[in-house]
Amino acid sequence: GYATLPATRESLSAPASQPTVAQPVTEEDRIFVSGDFAQTWNEQEEEVMLIRGHCLVQQGSAMVRCDQMVVWKKQENEAGVKLTLYLEDNVRYDEENRTITENQLSFQLFTESGVEFLALDSSQLSGVHDQFYQRARDRRQQRKIRSDVEQTQYTTQGETDDSPELRLVQLQSGETQLRRLRIFPRSSTPYNTSTSRSDDTTPPEQITFLRGGVQVLIEGLELPNNSFDVGMIDLSADRAIIWTEASEDGQFHPDVMQSSDAQLQIYLEGNIVLRQGSQTVRADQVFYDARSKRALIINADLRAFVPQLRSDIRIRAERIRQLSPTVMHAQNAWSSTSQYGYPGYRLQASDIYLEQRPVDPWLGGQPITIDPETGQPVREDSYWMTSLNNRFILEDFPLLYTPIVSGPAKDPHIPIRNLSIGQDNIFGAQIEATWNLPQIFGFNVPRGIEWDLRTDYYSERGPRIGSDLTWIGWGLFGFDGQSRGSSRIEYLYDDGNDNLGRDRRNLNPGSRHRGQALIRHRQEFSNGIELQGEFGYLSDRNYLEQYYESQFDTQKDFETLLFLKQDLDNWSWSVLGRPELNDFEASTEWLPKADLYSLSEPLFGSPLTWSSHSSVGYGLINVGDPPSDPNDLYTPLPYLTSAEGLVAMSRHRVDAPFTIGPVNFVPYAMGEAAHWDEDLTSTELDRLVGQVGVRAHTMLWKLYPYVQSDIFNLNGLMHKLDIDLEFSHTDSSQNFNGIPQYNEFEENAQERFRRRLVMNTYGMATLPTIPGFPNSPYDPRFYAIRSGAGNQVSSPWHELIDDQQVLRLSSRHRLQTKMGPPERRRIEDWMILETGMSYYPNSDDNFGEDFGLFYGNYEWRIGARNKLLASAIYDMFEGGQNIWNVGVLSQRSLRGSMYVGYRQVSAGPLNSQILTASYSYVMSPKWISTMGTAFDIGEGHNRGQSLTITRVGEYALLHFGASLDPSKGNASFGLSLEPKWGPFDSSSNQLSTLLKTR
C-alpha cells in the first residue's frame, strides 16, 4: 500500500490530489470500515457507501471515528484499491501519541491488502438524494478539500472552501486582556463611512459615522475571576457612531485589536438588535460603553431565555440601563413569559432588575445539581428578577398589587397557581384556589423551596385552609448529601356527612373539626447512610377517603416514624421507631426495631454464598378503634389482635450454585429461629423453620434475520425464552394461624375493604371456608403462603411461612425486532408472553388440588403505536379466583391515547365483568379532550363516567368537566383554571396531567 491514514495534522486538510509518502506493503495496511447502518450502490466505476452511526475507519495503528460518512471505493489496478472518504459530526482521529478532533474531514486511502467492511444493518437502496451525500459529493468536486483545522470562536462570511482561512487570535497575553472590534454591513448593501480625528480629548479620539445598516461585533469581554462568560456582543442598527482611540494613520479600520482598557463607546439608532449570550434586545436608541460594560437602552424589548421555562422571559421598558455585564435595570416596565406581541398577562412595575447570579442553595454551601457523569455537584447560574411597585395585569385588568417581588426569573411572580369552580351532590358548590404564598405576602424563599396556600369552600360542607410546602437542598445543617421533603397541613370545618359510596352514603364523621398533617423528610449522609422521618396525623378514619380518595387508594399510608439505614456492599442495617397517632388505624408500633441483612456473601472463599436477615424489636399491635357510626360496616380481622412484646427472628440461607450445560442450578438450605413474647393467645411462642430446595434457570434463543413485514413493523425477529423452576420443602414447628401479624403486609385502604368485604359480599361474620379445610381460600395470609411471599431470606413478613411442598414453574417468551429509522434502529420487544403455575405434592396445601396459581401476561406491540394487553390468574379449587382481562391500548406519543378493556373477577359469590374505555386526545393546538367510562356487565351496574374538555389559552388551561358516580349517587360538573405561565413539569414535559399514559 502507498497510503495510510494521515500522519500529520496538515495532511488532514490536504487536497485530495496531494501525494502521500510511500510505505512498504504490510498486513497492517489493510483497511477496516464499519458502522451501524449502511446504504450501498454503484456510480460509474465506483462503489458508494453511505454509513451512519458509530462509523470507524482503521488502517494500521491509526483510527478515525465519526457519526456519519461517505466512502467512494475504486479499483485502481489488479491489487490496489483507492478509498475517498468524507466524514462529518464528532470526527476524532487517534494515533499512538495524539488525538485530533474535527467537524468535517476529507482524505484518500490506498491499499493493496484489501478492504474489510462491516455494518450491523445494510440496504441496497441508493442514497443519491440524501442531503448528507449531496453535501459530501459537492465537497469532493471542489478543487480543494480541507477540514476546519483551526478551532475558533469567530465566524466566516463564506460557507464554501473558497472562504478565507480561519484565524485563531489569542485575546489574552500575560496580564493584559485584549478586545476585538469588527464591523460588517448589515445586509448585502455596503455601509457609508465618514471618520475624523478629535484632539480635544486625552488621548485623542477617532469618531466614525456609519450609515446604511451596520453590524458591530465586540469580542473578548470575558470577566477575569468571574464565573460569567460575557462572550461576544452583537449589535446591529441602521446608523452608528463609534468613539475609540485614534488610529496612527487617522483612518477607519473595520477589524481592530485593542486593549480592554481602551476607550470604546458606541451610539446606535434605527431598528436596533442587540444580542449577548441568551439575551436579545430590540430598541430605538442604544448607547454602549465597552470599557465599563454599561449601556443605556431607550424604548427596549428584552428577551432572555430561561431553560426551566423552555422559553423566553420578556421585559418591555421605556428605559433599560445595563449597570454591569450581568445586571439590567428597567424603568416603567412590564415583564411576562407570554410570547405574544401584546401579552394577555404581565407584571407591571416601576423598576425591574434582571440579574444573572450563581445559584445559592438553602441551608448549605454547595449547589444541589449533580453531574450524572461524575456524581459531583456542579455550580449553576440563573436569572434573578426583582421588581418594585408591582401590579399583576390580566387582559388590561389589574388583579393584584404588591410593593416588592424578588426571586428566580423562571418564577413569573404571579400569586395564583390554580382556581377551580364546581358543583356536585356531595360537596355542593365548590371554589378551590391555590396561591403562591411568598408572592402574596411579598417575602423571599431560598432556592429549592415551594410554598403554597390553599383556600377552599364547599357550600354543603364548609371552608378549608391548608398549606403545602416542598423543599430540596444540599448540605443540610452542614451534612454532605441531598435532602428533600414535603408537608401538607390543613383544617376543615365540616357541616355535612360523608358519602363514601354504596352502603356508606351518609356517615357521621364524629367531629366537625377535621383535617390532616403530613410531614415527610429524607436526608442522605456520607457512607451510604440515609435518614427518613415522617409525621402523619388524621382527624378521623374517613377524612382522607372522602376528600382525597385517589391518595387513600394508591399512596403510602400516614405514619409517624424515624428510620435510619446504611448499605455497606453486601451488608445493610436499619433501625426503625414508629408510634401510632391515629387510634382508628390497624398498625404495629415499633419501639424500636433493628434489622441486619447480608446478601450473597462468599463463604470461606468457597463457591457457597451466605445470606441472612436478623431482626429484633418491641412491637405493639393496634387493632384500631371501630367506627363511631354503626352504618359504617366493620368486621375484626382474626390475625390482628391486641398483642405486644419482644419480636426476634434470625434467618440464614446457604446457596451452592453450579452449572450443567446451559442450565444454572442453585441448591439451597434455609433455617430460621423466631420468638414472640405474645401470640394470639397472649402466651410466649417460639418457632423453628427449616427449608431446603433448588432453583434452576436456563435461556434459549433463535434468530430469524429474514423475517420482514411492513404491516407488523418487523425487521428481523429473535425469540428469547427464559425458563425457571423452583422446588422447596418447608417444615415449621408452629402453625402460622397462632402467630399475630406484627409485620403489616397490606395498606390501610385494603384493610378497610377487608373489614367490609366479609359482611357486604359474603353476608356472614367470618370468611367462608371449603369443607374439610381449616383455612379460608380468601384469607390473604394463606394466599401469601401459597405464593411463597415469606420464603425469601429478606422477606419483610417472616410470619408468612408454614409446612409446604411446592414446585413452581415459569417461562418468559420474548419476540424482539428492530424498530425506528434505518440509521438508528433499536431493539424492541414485539411480543411478550409470561406464564407460570404451582404444583403441590400434598394437595391439602392447595384445598385438595394438585395444581394452582396459574397465571399469564401477554403483550403484543402491533405497530409502533398500538398494543394488545392481556393477563389472567386462575385457581382450580371450587370457589377459587378466576381473574382475567384483555385490552387494546393505542398511544400517539403526547398527542393522546385510547384504551378499551374487559375484565372479569370471579371468586365464590363475587362475579364482576367490567367493560372500561378511556381516551385523552389533543384535538388541535387549542383543544384537549379526555373521557372515561366503566360498566359492570356481570352485576348490571354502571360504574361511572367522566368527561373533560380543555381549552389551551395564552396563559391558562381552562378545563370544563363533568362526571357521574352511581355508587355515590353523585353527578358533578366543574370549571378549573390551570395557569401555564410558570415552569413546566420537568418530569413529564407536558402542559397538563391529562395526557399522562395509562
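All of these numbers come straight from a predicted model, not from anything done at the bench.

1. Notes on helix 6 (residues 748-762)
Right, so step 1: With 15 residues, helix 6 should cover 21 Å at 1.5 Å per step; its first-to-last C-alpha distance of 21 Å lies within 8% of that length.
Right, so step 2: Listed as buried for helix 6 are Asn 748, Ala 749, Glu 751, Arg 752, Arg 755, Arg 756, Leu 757, Val 758 and Tyr 762.
Right, so step 3: Buried residues along helix 6 sit against helix 4 (543-547), helix 5 (549-554) and strand 42 (896-907).
Right, so step 4: Directly beyond the C-terminal end of helix 6, a positive phi value near 65° is found at Gly 763.

2. Regarding the pattern of salt bridges
Right, so step 1: One pass over the structure, following the stated rule, counts 48 salt bridges.
Right, so step 2: In this structure, the salt-bridge partner of Asp 632 is Arg 541, at a minimum N-O distance of 3.9 Å. Residue Asp 632 is located in the loop between strand 31 (609-622) and strand 32 (643-655), and its partner Arg 541 is located in the loop between strand 27 (529-538) and helix 4; the two are separated by 91 residues in the primary sequence.
Right, so step 3: Judged by its relative accessible area of 7%, Asp 632 falls in the buried class.
Right, so step 4: Where salt bridges share partners, they join Arg 454, Asp 456, Arg 464, Asp 468, Arg 488 and Glu 490 into one cluster.

3. A short note on empty space enclosed by the protein
Right, so step 1: Throughout the structure, instances matching the rule amount to nine cavities of 30 Å³ or more.
Right, so step 2: For the largest cavity, the full set of lining residues is Leu 538, Arg 541, Leu 544, Gln 551, Phe 552, Gln 555, Lys 556, Asp 557, Phe 558, Glu 585, Asn 748 and Arg 752.
Right, so step 3: If you list the elements that add at least two residues to the lining of the largest cavity, you get helix 5 and helix 6.
Right, so step 4: For the lining of the largest cavity, the per-class residue count stands at four nonpolar, three polar and five charged.

4. Points about the confidence of the model for the chain
Right, so step 1: Considering every residue of the chain, the mean pLDDT works out to 83; 86% of them sit at 70 or more.
Right, so step 2: When pLDDT is averaged over each element of the chain, strand 34 (residues 663-676) comes out on top at 97 and helix 1 (residues 9-12) at the bottom at 35.
Right, so step 3: Here residues 143-176 is a poorly scored stretch, pLDDT under 50, and it has 62 contacts once near neighbours within four places are set aside; other chains count.
Right, so step 4: Considering only residues more than four positions removed or in separate chains, one finds that residues 983-998, a stretch of pLDDT under 50, has 39 contacts.

5. Describing the state of the cysteines
Right, so step 1: If you walk through the whole model with that rule in mind, you get zero disulfides.
Right, so step 2: The cysteine Cys 66 is free of any disulfide, with Cys 55 supplying the nearest cysteine sulfur at 4.3 Å.

6. Observations concerning unusual backbone geometry
Right, so step 1: Look at the link from Leu 591 to Pro 592: it is a cis peptide, with omega at -10°.
Right, so step 2: At Asn 389, a residue that is not glycine, the phi angle is positive and equals roughly 55°.
Right, so step 3: Inspection of the secondary structure puts Asn 389 in strand 19 (residues 381-394).
Right, so step 4: Residue Asn 389 is classed as partly exposed on the basis of its relative accessible area, which comes to 41%.
Right, so step 5: Positioned with a positive phi, Asp 396 is a non-glycine residue whose angle comes to about 65°.
Right, so step 6: With respect to the helices and strands, the residue Asp 396 is situated in the loop between strand 19 and strand 20 (397-408).

7. Description of the environment of Asp 629
Right, so step 1: Residue placement: Asp 629 occurs in the loop between strand 31 and strand 32.
Right, so step 2: Exposure remark for Asp 629: the relative accessible area of 10% places this residue in the buried category.
Right, so step 3: With near-sequence residues (within four places) excluded, Asp 629 lies in contact with Asn 506, Leu 507 and Asn 508.
Right, so step 4: Here Asn 508 takes part through its backbone nitrogen, which lies 2.8 Å from a polar atom of the side chain of Asp 629.

Procedures and definitions
Position numbers for residues count from 1 along each chain, tracking the sequence in the order it is written. Residue-level local features of this predicted model are given only where pLDDT is at least 70; pairs of side-chain atoms are given and counted only at 80 or more, and the full residue set underlies all totals for whole chains, interfaces and linings. Only heavy atoms go into the side-chain values, all of them from the structure, while hydrogens and water stay out. Helix and strand definitions here come from DSSP, where helices need a minimum of 4 consecutive H or I residues and strands a minimum of 2 consecutive E residues; each element is numbered from the N-terminal end. One fewer than the residue count of a helix, multiplied by 1.5 Å, yields its expected span. Burial classes follow relative accessibility: with a 1.4 Å probe on protein chains only, a residue under 20% of its type's maximum area counts as buried, one over 50% as exposed, and anything between as partly exposed. Should any heavy atoms of two residues lie within 4.5 Å, those residues are considered in contact. By convention in these notes, a salt bridge is any Lys or Arg side-chain nitrogen within 4 Å of a carboxyl oxygen on Asp or Glu. The way it works is a 1 Å grid over only the protein atoms, where trapped points that fit a 1.4 Å probe form a cavity and open points with protein on both sides within 12 Å along at least five of seven lines form a pocket, and then any residue with an atom within 4 Å of a point lines it. Grid points are joined across faces, edges and corners, and a volume is the space filled by probe spheres set on the points. Here the term charged refers only to Asp, Glu, Lys and Arg, the term nonpolar to Ala, Val, Leu, Ile, Met, Phe, Trp, Tyr, Cys and Pro, and the term polar to all other amino acids, Gly among them. Confidence of the predictor at the level of single residues is given by pLDDT, which spans 0 to 100. The disulfide criterion used throughout: a pair of cysteine sulfur atoms within 2.5 Å. Each polar contact in these results corresponds to two N or O atoms within 3.5 Å; when the atoms are within protein, one needs to be able to donate a hydrogen and the other to accept it, and residues that are neighboring in sequence are counted only if both atoms are side-chain atoms.

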